[in-house]
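Remarks on the overall topology
The residues making up each chain are set out below.
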Amino acid sequence: GRWVEIMVPTADGEGHFCVACLYGISGSSGNTTKRADNERLLAHAILRAAQMKDVPYVLATDLNQNPSTSSCLSKAIEHELLYDVVDNFFSGEPPPTFRRKNIEEGMQGDGVTRIDTVLGNPAACHLFDKCEYLYSTALAFDHTPIRCEFKLENFQQNIRTAINPSPIKLPDHRHLSQKQR
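The shown structure was predicted, so the numbers you read here are calculated from the model rather than taken from an experiment.

A word on the overall build of the protein. When you go through the protein residue by residue, the secondary structure sums to four helices and seven strands. Ordered by position from the N terminus, the helices and strands of the protein form the series β-β-α-β-α-β-α-β-α-β-β. For the protein, with 181 residues in total, the buried portion stands at 33%. Across the protein, the fraction of contacts at a sequence separation of at least 24, relative to all contacts at a separation of at least 6, is 64%. Accessible surface, the protein as shown: approximately 11,700 Å² in total, 52% of it carbon and sulfur.

Strand order in this open sheet of five strands is β1-β2-β3-β5-β4, and the pairing throughout is mixed. Two strands close off the open sheet at either side, each with one partner strand: β1 (2–10) and β4 (83–84). By the bridge criterion, two bridges tie β4 to strand β5 (residues 116–120) in an arrangement that is antiparallel. Across the sheet, the residue bridging to D84 is L119, located in β5. Relative to β1, helix α1 (residues 32–51) is tilted by about 15 degrees, and along the sheet it contacts β1, β2 (15–23) and β3 (57–62).

Definitions and cut-offs
- Residues numbered from 1 in each chain as written.
- Predicted model: local features only at pLDDT ≥ 70, side-chain atom pairs only at ≥ 80, totals over all residues.
- Heavy atoms only, no water.
- Helix = DSSP H or I, 4+ residues; strand = E, 2+ residues; numbered from the N terminus.
- Buried < 20%, exposed > 50% of the residue type's maximum accessible area, 1.4 Å probe, protein only.
- Contact = heavy atoms within 4.5 Å.
- Areas by Shrake-Rupley, 256 points an atom, 1.4 Å probe, with all protein chains shown as cover.
- Pairing = 2+ DSSP bridges.
- Axes fitted to C-alpha atoms, helices over the stretch in contact; angles between N-to-C directions.

Worth remembering: the numbers are spatial, not functional.
Encoded structure:
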């Protein structure tokens, strides 16, 4: 497997976002040892995305297994560390992205699966404007290209997040009279 990332400056260089690409371990969908290694690689990428907090982090993947069968990705999505952008844009029913003998829209049958997706941390998810499969540009390939477009104006927005409340320790004045308080 491979994982590479770059930091992209925006506007005058004060802002930035991170784009990463993760290629999972070949054969991980049918081999338990390779799947465990694949999950470990993905877990490292998830931790990296979670560290970014308010920096948008986009992770384009060929997981070599269906994203819905990854236990670490399922946990990350459940705990809102990452979101499956493609799944969200296709309302929970994204089409398959892989077939060994050329891809086409509506492909079905043996060996047809969804192993590619785009993931984003919470800071990145509000930036996406469009997500689509590009079948016509990949007629001789075995993976469906995924194109995502960003809403550029959202790179200029301030994002306000709620912080966890902190307890306030007040002195105990019960023993004092009203005048003493």
